[in-house]
Structure formats: C-alpha cells, structure tokens
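Here's the letter readout for the chains.
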Amino acid sequence: MSVPHLLTDTLLTQLSQATVLPAQDIPNPGPQAPPGAGAIENVVSYVRWIAGICILGLFFGGIVAATAGRLWDHHGSGRLGARMIVGSLALAVLFGLGYTLVSQFAASAA
C-alpha cells in the first residue's frame, strides 16, 4: 500500500469514529483591567497634563510674540504670534473634545 492511500484510509477511519460534541455557549467574561493598568493611567494623566501646559504656553507665547511684533514693528513676529494664538485655540478645542470623541468611537465599536 502506498503512503497517500495509507494516509487517506487512516484519516477516513479517524473521521468516521469522531463524535460531534453538542454546541456550547462561548463564555463571555466581563472587562477586566490588565495588571499594571494603574501605572498606564498615571502615564496618560501626566501626558494630558503636559499637553494642557503646552497649549497654555503656546497661547501666552503667541501673545508675547504678537505684542513684540506690534511694538517693534516686526511684521513677521506679529503674524507668527497671531498664528500661535489661533493654533493654541484650535488645539484647546481638540483637547477638550478629545475624551468625548475617543469615548464615542470606543462605545460604537463595542
């Protein structure tokens, strides 16, 4: 008997002897925080704090640059300061909406 025939005969024998188990529900455990989740939350809170301070720094830096550009008649600095102020305001809006958007996307995916 050749090897391919031996394999097919063996597989057919095994499949004919196999029993079908009744369908069982797959367990659905509740969400559980992984080990070290507290440390990850601390790091995320530090990053959020740093981002908030950077947005404030950008806003006040823009005020300083715009004021200096107007006082010493340096148009480039004045324009840059205005851009910094507008950019910081846009970032502040995104910073405020970030948690809501991420939570909404996570809730719709679940």
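You'll find the structure just up there.
Quick notes on the rules
Residues numbered from 1 in each chain as written. Predicted model: local features only at pLDDT ≥ 70, side-chain atom pairs only at ≥ 80, totals over all residues. Heavy atoms only, no water. Helix = DSSP H or I, 4+ residues; strand = E, 2+ residues; numbered from the N terminus. Buried < 20%, exposed > 50% of the residue type's maximum accessible area, 1.4 Å probe, protein only. Axes fitted to C-alpha atoms, helices over the stretch in contact; angles between N-to-C directions. Parallel < 35°, antiparallel > 145°, perpendicular 65-115°, else oblique. Left-handed = near helix turned anticlockwise from the far one by under 90°. Expected span 1.5 Å × (residues − 1). Phe/Tyr/Trp six-rings, centres within 6.5 Å; stacked < 30°, edge-to-face > 60°. Bend = angle between axes of the 7 residues up to and from the residue. Contact = heavy atoms within 4.5 Å.

Asker: So what's going on with the overall build of the protein chain? Residues and values would help.
Answerer: Along its length, the protein chain carries 3 helices and 0 strands. For the protein chain, the α and β elements follow one another from N to C terminus as α-α-α. When the 110 residues of the protein chain are sorted by exposure, 10% land in the buried category.

Asker: Explain unusual backbone geometry to me, using residue names and the numbers behind them.
Answerer: With a phi close to 55°, Asp73 is a non-glycine residue in the positive phi region. Mapped onto the secondary structure, Asp73 falls in the loop between helix H2 (37-71) and helix H3 (75-109). Here Asp73 falls in the exposed class, since its relative accessible area comes to 56%.

Asker: Account for the packing of H2 against H3, with residues named and values stated.
Answerer: Packing of H2 against H3 leaves a shortest axis separation of 7 Å and a crossing angle of 155°. In terms of orientation, H2 lies roughly antiparallel with respect to H3. In this structure, H2 meets H3 at a crossing whose hand is left-handed.

Asker: Break down H2 for me, with residues and values.
Answerer: With 35 residues, H2 ought to run about 51 Å at 1.5 Å a step, and its terminal C-alpha atoms sit 51 Å apart, in line with that. Where H2 is concerned, the buried positions are Ala37, Gly52, Ile55, Gly62, Ala65, Ala66 and Gly69. At the C-terminal side of H2, Asp73 shows a positive phi close to 55°.

Asker: So what's going on with the packing of aromatic side chains? Which residues, and what values?
Answerer: Going through the model one piece at a time under the given rule, you end up with 1 aromatic pair. Judged by centre distance (5.4 Å) and plane angle (75°), the rings of Phe59 and Phe60 are edge-to-face. For Phe59, a relative accessible area of 26% gives the class partly exposed.

Asker: I'd like a description of H3, backed by residues and values.
Answerer: With 35 residues, H3 ought to run about 51 Å at 1.5 Å a step, and its terminal C-alpha atoms sit 48 Å apart, in line with that. Along H3, the largest kink reaches about 40° and is centred on Leu97. Inspection of H3 places Ser77, Gly78, Gly81 and Ser88 among the buried residues, and these make up the whole buried set. Those residues of H3 hidden inside the fold are in contact with H2.

The values reported here are purely geometric and, on their own, carry no functional implication.
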